[in-house]
Structures are given as C-alpha cells and as structure tokens.
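Residue-level listing of the chains:
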Amino acid sequence: MGLNGRRLLGCGLGFFCLIFCSYAAPSSFADVSISRGPQSSITVKEQSSLQLPCDYQLPDGRLQKNSVLLRWRKDGKTLRQVVLGRMDSTTSEPQLETMLREDSRLALSRDTGSLQFNSVLASDAGQYQCQLIIDGAVAASSSSGLLMVIEQLKFVPQPTSKNLELGSLSKVHCKAQGTPAPQVKWMRETQLPLPVNVTDQNGTLIFSQVSNEQRGQYTCIAANSQGQITATVSINVVVAPKFSVPPEGPIEVAEAGTAVIHCQAIGEPKPTIQWDKDLTYLNENNTDPERFSLLENGTLEIRNVRAEDEGRYGCTIGSSAGLKREDVLLVVKSSKSASNSIVTRIIIVIICLAFLYFVLVLGLKVWYRYRRHLGKVQLEDGHANGPTDGQEHDHHENEPCLTEANSSKNLKSKLRESTILEQESQVADDIV
C-alpha cells in the first residue's frame, strides 16, 4: 500500500474513533452545581413554618437539550420533585422510586428550588437533601441537613368521657406527647383525691370495682418544660341492659287469633325496646297499627294474626350502656291445620284411655289369680294338718266345747271360698 493510502486509512480510523468516543464517554456535569443546601442541623418548634434552601447553577443549554429534575429526598426516599428541563418519553430514568404521600403542607419552588413547610409536624424530623437529576443521572447533590422538631405538648388522643358498668374493672387512659416527655397525672374535680378503689398508674385511671360513688369529673394534667395542659372528662356509672323477661318460643297461634310476645328489660339508664321482624325494624310504615301494638312493658301484641305475620321477631334492648338482642319464632296455623290438630289430640286421648283400661284389667286378673292361689294353699294346709286319733282325743280333752259339727262347718266354709275364688278368676279371664 502506498504512502497516500496509509495516510487515508489513518485519517478514517481517527475520525471513527473521535465519533465513537464522543458517544461512549459519559457526560460531564462540571457546569452543574448546588451552591447552597439545607443546614447541617436545624431545630424548629412544631406547627411553625420552615424553608429549606437549594440554590443551584444550571446553564440554559442543559435545560434545552437535557431532561432535568430537581428532587428533594428525606431519609433516602424521594419526597418531592419538579421538572426543570425538557421531559420526553425517551428519558432514560426508569422512575421506579415511590414518592412519599402527598401533603398539602409541603411546596417545592421551581424557581428557587427551596422546600417549604407551612406547618412543621413531629413526623417531619429526619435527614433532607436536594439533588439535580440530568438524563436519569445524579448531576449534583447538596449536603444533608438534619431536621429536629420540638414536639408541642399535647394529648394523643384527647381524653373523652366514659360510661363504666357497675361492679366492673375499667380503665380510662390519658396519654400526652411533647419535648421533653411530659409527666401525666389524674385529679378528681377541684383538686380532690381519687376515691377508694381508683388508682392512677402512669396516666391510666384504674377502677378496680366501679361503684356509684365514683361518678363525677376527673381531670388529666400533662406538664413539661413547655408548660401544662389539662383535659376534664365525665365518668358515669351505668348498668348494662339485661332481659328480665326474654322472648321465649317458638310461639304457635291460630290464624285470626292473638299473638303475645313478651320482652321486658332492666338497666341504668332505663333501656329502650325495639322490635323487628326478620331483621327489619317494625314501625308505622310497615305495620298495621290496628293489629300491632307495643305495650308499656315492652310486650308486642299482634291481633287478628295473618299467615304473612309468621317469622322471627327480635327484641333489641339498648341504652348508653350497650345493646342486646334476642328473637323468637312465631308460627301461624291455618284453621284447617287447627281442626286437624284437634282430631289428632282426640285420637291420642282415646289411645291413652284404651291403654289404661288394658293395664287395669290385666292388674285385676293377676290379683284374682293371686287370691285363688292363696286360697288353695290355705285349703291344702288345712287337710295336711288334720288331727290323728290320739291327737283328736287329746284335743277333745283340752277343748271340750269343740264339736264335730263346728269342724264340718269350717271345712265347708273353706271349700265355698275356694269355689268363689275360682269363679272370680274365671270372670277376670272372660273380661280379658
């Protein structure tokens, strides 16, 4: 190859290398910088306003040719970001980071890059940093600044009044937050000591056995170097509603008859009673006032019952102390089924009477047979124990008044009794 050829080949390779290297080499961000970011340590009071600066230098050429983002991060997570340069679908940044939830208290200025807080909360404490992102790469970052928040003294949550059940073990909580951590205690009304069976454990009132004497106003006091806050609640003693006469069933009533479903309750305060049918409350719009009536004691009375009245009727008793419910099944029998029921009952009564008659006759038969057997035994004992000649002579000597006629009469009497027993037994057999 000639000299000119080698020169031409060298120039071509150099041109190719220049083009390739210009595309393969990473972009330089020497002209991009952040001159001022958040301070290394910032302390503010809760609910005060705050502005974190982010002063950056960015040539106009970058804004026209590159995709540029200004981003604020908190504790390593994206907090807010705004587009400074052009943004198109070919941007190499994958946008996989999840931003923290939206918060109307925060605002990011596109012109100055500062992050503004309208009202700082304790949850805003953390590490903050601003960054410039060009074509998906971090071009410049500020130093990190630690935000510390002096938490305002407050109750979390606010104590509320409560109804405590008589005789129960109950607790009333009072929690407070602040910087520094506050001390919490309870007082009764106007600086009175706590009643018997009531103790204060780190801001929690413990009622070991609720009684009527413990009713009243209780004040929770939280204090630290910021000052003191108080919250007053009312403690009321109640008796949970209970059924004194619960609805019992199932209840069967004939069509066109009257159904009475009892439901009575006790409690303090006095519970109210509400009826429902198949979980639908009964009211003036879905009941006939001429047939449905609620008595003063809570009993539900349904007159002139119809077939569509059949179902489950629930009684709900309730007050500020709680709710309870019990239900009962109402079965409506038609007139035809009622007559069939009467016939069935008559048949059952007749069968029972026949069974009793059979048992009575069987008992009489056994009794008569027992008497006949007993008579035969007595008769056989009489013959077997008859006197011998010598014994008869001695017997006449000892009992001179006993004659042969008397002995014959006794024998005839026993034979007659045996005959009567046999006849009675025969009669009993004939009856059976």
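Rules behind the numbers
- Residues numbered from 1 in each chain as written.
- Predicted model: local features only at pLDDT ≥ 70, side-chain atom pairs only at ≥ 80, totals over all residues.
- Heavy atoms only, no water.
- Helix = DSSP H or I, 4+ residues; strand = E, 2+ residues; numbered from the N terminus.
- Buried < 20%, exposed > 50% of the residue type's maximum accessible area, 1.4 Å probe, protein only.
- Contact = heavy atoms within 4.5 Å.
- Areas by Shrake-Rupley, 256 points an atom, 1.4 Å probe, with all protein chains shown as cover.
- Polar contact = N/O pair within 3.5 Å; in protein donor to acceptor, adjacent residues only side chain to side chain.
- UniProt positions renumbered as here; feature names shortened; annotations may be inferred.
- Salt bridge = Lys/Arg side-chain N within 4 Å of Asp/Glu carboxyl O.
- Disulfide = S-S within 2.5 Å.
- Pairing = 2+ DSSP bridges.
- Axes fitted to C-alpha atoms, helices over the stretch in contact; angles between N-to-C directions.

(A) Just the overall build of the protein chain, in detail. For the protein chain, the helix and strand inventory stands at five helices and 29 strands. Split into buried and exposed, the 432 residues of the protein chain put 31% on the buried side. Taking all contacts inside the protein chain whose residues are at least 6 apart in sequence as the whole, residues at least 24 apart take part in 61%. If you sum the accessible surface of the protein chain, you get close to 27,500 Å²; carbon and sulfur atoms cover 55% of it.

(B) Spotlight on the side chain of E46. Position of E46 relative to the elements: it lies in the loop between β2 (41-45) and β3 (50-52). Engagement of the side chain of E46 in a polar contact is seen with the backbone nitrogen of Q152, the distance being 2.7 Å. Polar contacts involving the side chain of E46 include one to the side chain of K154, which spans 3.1 Å. Excluding its chain neighbours within four sequence positions, the residues that come into contact with E46 are V120, L121, A122, V149, I150, E151, Q152 and K154.

(C) Up close: the UniProt feature "transmembrane region" (unreviewed entry) in the protein chain. The sites that UniProt annotates as "transmembrane region" (unreviewed entry) are residues 346-368. Annotation note: span residues 346-368, helix share 100%, strand share 0%, distance between end C-alpha atoms 33 Å.

(D) Summary view of the pattern of salt bridges. The final tally for this structure, using the stated rule, is 15 salt bridges. Note that E151 and K154 form a salt bridge whose closest N and O atoms lie 3.0 Å from each other. For K154, a relative accessible area of 25% corresponds to the partly exposed category. The partner of D327 in a salt bridge is R312, and the shortest N-O contact between them spans 3.3 Å. Residue D327 is located in strand β29 (residues 322-333), and its partner R312 is located in strand β28 (residues 311-319); the two are separated by 15 residues in the primary sequence.

(E) Just the state of the cysteines, in detail. The tally for this structure, following the rule as stated, stands at three disulfides. For C54, the disulfide goes to C130, at an S-S distance of 2.2 Å. Between C54 and C130, the S-S dihedral sits near 85 degrees, and the bridge is therefore right-handed. Residue C54 is located in the loop between β3 and β4 (55-57), and its partner C130 is located in strand β9 (residues 126-134); the two are separated by 76 residues in the primary sequence.

(F) Seen up close, the pairing of strand β10 (residues 137-141). Where β9 and β10 come together, four bridges link them in antiparallel fashion. Among the inter-strand pairings, I133 is bridged to a residue of β10, identified as V138. As consecutive antiparallel partners, β9 and β10 are separated by two residues, and within that stretch D135 has a phi angle of approximately 50 degrees, a positive value.

(G) Inspection of the sheet that holds β3 at higher detail. Taken in spatial order, the three strands of this open sheet run β3-β8-β7, and their pairing is antiparallel. Each edge of the open sheet carries a strand with a single partner, namely β3 and β7 (106-108). Within this sheet the neighbouring strands show an average axis-to-axis angle of 15 degrees, counted without direction. Of the strand pairs in this sheet, β7 and strand β8 (residues 115-117) are connected by three bridges, and their pairing is antiparallel. In the strand pairing of β8, L106 is matched with F117.

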